[in-house]
Every structure is written in structure tokens, then in C-alpha cells.
Amino acid sequence: MSNRPLSALISSQFESEFPGEGVGLAERLQGALPAISLISHTALIRAYANDVAPEMIFAQQVYGYGRPGDVLIAFSTLGNSLNVLRALQVARVQGMKSIGFTGCSGGKMKSLCDVAICVPWEKTSDIQERHLPIYHAICSMLEEAFFPT
């Protein structure tokens, strides 16, 4: 992880609010971007899939967390996963941007994404393997843009 120190202003606010502890607090915090992994909410996913509809598990989260101007990054190797398509539909209605990672044809998700990254492979494992360096390159670029050294 890159070192992303807090600004001097934020650090001084910590020290002002918590004299003697604020500097240490600020030194151990890192700059951050608000990001949520929708697949990590296991209890919500299970409950929503059982009680409402499995294809809505990501859509509900996008609806609850997403705001205009946010970006949804969606992965579907063939571009036709209904739960991913529903999330992209909700994102569009909410004024969010979307980036889709998919395979050769792009499937149905291609038309729902502002940016569709379609790697020229058809086998799931090949597609996923090609997504990794692209995803990591984008993360590195974001890191540099938001937290320049």
C-alpha cells in the first residue's frame, strides 16, 4: 500500500480535538476513497436472494449506496449476468457512471455501461485472467490521481 498521509489541515484538526493523541491518530490514518465491494455483504445477499429476488442483490445495494456521479464497476465474463445487469440499470437511473469488465462480445452489459472493457477471449478463466492487469492498472492510475506523491 502506498503512503497516503492526511493533509496538514486534517492532522491539525485531530490534534486540536484530541491534544496529545491527535498527531498519533492522524499519522496512523491513510487517505482513502469511499468504495464498497457489493459481494462482501453476505447476510444482505442471502436475505435478499431468499426473500425478494436473487437478480436484485446488487441492484438493491446500488440503489441504497449509489449517488449521482458515483461509479459502479461491474464484472460479468460473458456480460449477461442478470444480477449485474440489474445493478447497471439502477446505476443509470441514479445518475451514476459505469465501467464494465466483460469478454469478447460484451453481452447485454456492453450497452448499459458508459465504458465497456471487452477483452477478446471467450473462456471464463481467460477473460478473468485478462481483467486483472487492466483492473490493477486502473487502480494504480486512480491512486496516482487522488494521492500524488
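Cut-offs used in this document
- Residues numbered from 1 in each chain as written.
- Predicted model: local features only at pLDDT ≥ 70, side-chain atom pairs only at ≥ 80, totals over all residues.
- Heavy atoms only, no water.
- Axes fitted to C-alpha atoms, helices over the stretch in contact; angles between N-to-C directions.
- Helix = DSSP H or I, 4+ residues; strand = E, 2+ residues; numbered from the N terminus.
- Parallel < 35°, antiparallel > 145°, perpendicular 65-115°, else oblique.
- Left-handed = near helix turned anticlockwise from the far one by under 90°.
- Contact = heavy atoms within 4.5 Å.
- Patch = residues over 30% accessible without salt bridge, like charges linked within 9 Å, V, L, I, M, F, W, Y side chains within 5 Å.
- Areas by Shrake-Rupley, 256 points an atom, 1.4 Å probe, with all protein chains shown as cover.
- Salt bridge = Lys/Arg side-chain N within 4 Å of Asp/Glu carboxyl O.
- Phe/Tyr/Trp six-rings, centres within 6.5 Å; stacked < 30°, edge-to-face > 60°.
- 1 Å grid on protein atoms, 1.4 Å probe; cavity = no way out; pocket = protein on both sides within 12 Å on 5 of 7 lines; lining within 4 Å.
- Points joined across faces, edges and corners; volume = space filled by probe spheres on them.
- Pairing = 2+ DSSP bridges.

Asker: Help me out: how do you make sense of the packing of helix α4 (residues 57-65) against helix α5 (residues 82-93) in this one?
Answerer: Two packed helices can be described by the angle between their axes and the distance between those axes. Two numbers describe how α4 lies on α5: the axes approach to 7 Å, and their chain directions differ by 20 degrees. With respect to each other, α4 and α5 are oriented roughly parallel. In this structure, α4 meets α5 at a crossing whose hand is right-handed. Residues I57, F58, A59, V62 and Y63 of α4 pack against N83, V84, R86, A87, V90 and A91 of α5.

Asker: Explain a nonpolar patch on the surface here, please?
Answerer: On the surface, V71, I73, F75 and Y135 cluster together into a nonpolar patch covering about 340 Å² of accessible area. Among the elements that make up the nonpolar patch, the one with the highest residue count is strand β1 (residues 71-75) (three residues). Along the polypeptide, F75 turns up in strand β1.

Asker: Would you explain the packing of aromatic side chains in this entry?
Answerer: The relation between two aromatic rings is expressed through the spacing of the ring centres and the mutual angle of the planes. In this structure the tally under the stated criterion is three aromatic pairs. Here F75 and F101 contribute two aromatic rings whose centre-to-centre distance is 4.6 Å and whose plane-to-plane angle is 20 degrees, an arrangement assigned as stacked. You can see F75 sitting in strand β1 and its partner F101 sitting in strand β2 (residues 97-102), a full 26 residues away along the chain. Taking the centre distance of 5.8 Å and the plane angle of 65 degrees together, the rings of F75 and Y135 count as edge-to-face. Taken together, the residues span a long stretch of sequence, with F75 in strand β1 and Y135 in helix α6 (residues 124-146) at a distance of 60 residues.

Asker: I tried to follow the layout of surface pockets on my own but got confused; where do I start?
Answerer: Once rolled over the atoms, a probe with the size of a water molecule shows which space is left empty. By volume, the largest pocket amounts to about 1,300 Å³. Every residue lining the largest pocket is counted, 33 residues in all, and those nearest its centre are A35, I36, V71, L72 and I73. Ranked by residue count, the leading element in the lining of the largest pocket is α6, at six residues.

Asker: Hey, could you run me through the sheet that holds β1 in this one?
Answerer: Strand order across the open sheet formed by three strands is β1-β2-β3, with parallel pairing between neighbours. Looking along the sheet, the strands with just one partner apiece sit at the ends: β1 and β3 (115-118). Sheet twist, expressed as the mean angle between neighbouring strand axes with direction ignored, is 10 degrees. Across the sheet, α6 is in contact with β1, β2 and β3; its angle to β2 comes to roughly 140 degrees.

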